[in-house]
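Residue-level structural notes
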Amino acid sequence: MSDYSSQVTEAANYLRRILNRKDSREKDPVLGMVLGSGWGEFAGSLEDRIEIPFDRIPHFPQPTVVGHVGALVWGRIHGQPVCCLQGRVHSYEGQPPQVVTFPVRVLGQLGVRALILTNAAGGINPRLRPGDLMLIRDHLSSFVPNPLVGPHEDSVGTRFTDMSECYSPRLRGLAARCARRSNLRLLEGVYVAVTGPSYETPSEIRMFRKLGADAIGMSTVPEAIVVRHMGIECLGISLITNLAAGISKAPLSHGEVLKAGEKVKARLGRFLSSLCREWLELG
């Protein structure tokens, strides 16, 4: 863990140097975002933005999936510094959970006080339709490795992290109001994370539905665990891009995911901008 922590510190210090913000804590980002499939173009709306490819940042993992650019975008929204991860890596790319969550650790060391985690997901709940948003109220995580397994340092976070309110009720309330203003259909539900990369079978989807899952995807949960481990406020939002196996008769594909995000990207941008403004005003 000490080597891992030193790598996180090295990456954070590199970003401060390249942005000429070495010890100026008041200029560090107060809000962070992980922009998953379908969400990435929002980073282009930041003011005074600086884009840093992941491969220039020490120890940052490199995405290999279409739709995940692999860049850290630093800019401002309504005058406040914001840091976006434009894409992420996943366990199915062969990365251990500590590597998958490394960029989130770096954002925590940079000083973010809240982190918005976004993803594309398949709808299990029949009320969800492609193009809807789902606020993650809770998650099922027994199907992916826990990133907190292994050696521990008290300076990083508590050994046994409370997950009873992983996804901030306060932020969920803000997001619900912003979705109404942006004319986006939004429901709350439970997200189940699986490793992928194969899509689920109809029998697996029936099982997950009986367990209480409303939507399914291959990301987000490891990051959410680490965010709470660091004591940072967390919000999770899924873009429903398709119906899960057995609910839809059509074969599932990543191309379908990308097309669904393209259709609603303008509305997603307005929604995220409104959400950032609301959060920054309330602090």
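An account of the accompanying structure is given in this report. (Residues numbered from 1 in each chain as written. Predicted model: local features only at pLDDT ≥ 70, side-chain atom pairs only at ≥ 80, totals over all residues. Heavy atoms only, no water.)

1. Some points on unusual backbone geometry
That bond from Gly-196 to Pro-197 is cis: its omega, 0°, falls within 30 degrees of zero. One can find Pro-197 in the loop between strand 7 (186-193) and helix 5 (202-210). The phi dihedral of Asp-48 falls on the positive side, at around 50°, and the residue is not glycine. A residue is classified by how much of its surface remains accessible, and Asp-48, at 64% relative accessible area, is exposed. Backbone geometry places Thr-220, a non-glycine residue, at a positive phi of 75°. Structurally, the position occupied by Thr-220 is in the loop between strand 8 (215-217) and helix 6 (221-229). Assessed through its relative accessible area of 1%, Thr-220 is described here as buried. (Helix = DSSP H or I, 4+ residues; strand = E, 2+ residues; numbered from the N terminus. Buried < 20%, exposed > 50% of the residue type's maximum accessible area, 1.4 Å probe, protein only.)

2. Description of empty space enclosed by the protein
Scanning the model with the defined rule gives 2 cavities of 30 Å³ or more in all. By volume, the largest cavity is sized at about 90 Å³. Lining the largest cavity are 14 residues, and of these Ser-91, Met-218, Ser-219, Thr-220 and Pro-222 sit closest to its centre. Of the volumes computed, that of the second largest cavity is approximately 60 Å³. Taken together, Phe-54, Pro-61, Leu-85, Gly-87, Arg-88, Val-89, Val-100, Pro-103, Val-104 and Glu-223 make up the lining of the second largest cavity. Looking at the lining of the second largest cavity residue by residue, the classes come out as 7 nonpolar, 1 polar and 2 charged. (1 Å grid on protein atoms, 1.4 Å probe; cavity = no way out; pocket = protein on both sides within 12 Å on 5 of 7 lines; lining within 4 Å. Points joined across faces, edges and corners; volume = space filled by probe spheres on them. Nonpolar A, V, L, I, M, F, W, Y, C, P; charged D, E, K, R; others polar.)

3. Overview of helix 4 (residues 169-181)
An ideal rise of 1.5 Å per residue puts 18 Å on 13 residues; helix 4 measures up with 19 Å between its terminal C-alpha atoms. Taken residue by residue, helix 4 has Leu-171, Arg-172, Leu-174, Ala-175, Cys-178 and Ala-179 as its buried positions. The buried side chains of helix 4 occupy one side of the element, clustering within an arc of 160° when seen end-on. Of the exposed residues in helix 4, those oriented more than 90 degrees away from the buried face are Arg-180 and Arg-181. For helix 4, the N-terminal capping position is held by Ser-168, with its side-chain oxygen 3.3 Å away from the main-chain nitrogen of Arg-170. (Expected span 1.5 Å × (residues − 1). Arc of directions from axis to C-beta. Polar contact = N/O pair within 3.5 Å; in protein donor to acceptor, adjacent residues only side chain to side chain.)

4. Thoughts on a nonpolar patch on the surface
Nonpolar side chains collect at one region of the surface, where Phe-143, Met-207 and Leu-211 lie side by side and expose about 260 Å² of accessible area between them. Looking at the secondary structure, you find Phe-143 in the loop between strand 6 (133-140) and helix 4. A residue is classified by how much of its surface remains accessible, and Phe-143, at 32% relative accessible area, is partly exposed. (Patch = residues over 30% accessible without salt bridge, like charges linked within 9 Å, V, L, I, M, F, W, Y side chains within 5 Å. Areas by Shrake-Rupley, 256 points an atom, 1.4 Å probe, with all protein chains shown as cover. Salt bridge = Lys/Arg side-chain N within 4 Å of Asp/Glu carboxyl O.)

5. A word on the pattern of salt bridges
Pairs can form between side chains of opposite charge whenever their charged atoms are close. One pass over the full model with this rule turns up 5 salt bridges. The salt bridge partner of Arg-170 is Glu-233, with a shortest N-O separation of 2.9 Å. Taken together, the positions of Arg-170 in helix 4 and Glu-233 in strand 9 (residues 233-243) put the pair 63 residues apart, joining distant regions of the chain. Residue Glu-188 is joined to Arg-172 by a salt bridge in which the shortest nitrogen-to-oxygen separation is 2.9 Å. Of this pair, Glu-188 sits in strand 7 while Arg-172 sits in helix 4; the two residues are 16 residues apart in sequence, bridging distant segments of the chain. Classification of Arg-172 as buried rests on a relative accessible area of 12%.

6. A closer look at the environment of Val-112
Within the element layout of this structure, Val-112 appears in the loop between helix 3 (102-110) and strand 5 (114-123). The spacing of Val-112 and Ala-266 is 154 residues in sequence and 26 Å in space, taken between C-alpha atoms. Beyond its immediate stretch of four places on either side in the chain, Val-112 contacts Pro-29, Val-30, Leu-31, Gly-32, Leu-107 and Ile-232. (Contact = heavy atoms within 4.5 Å.)

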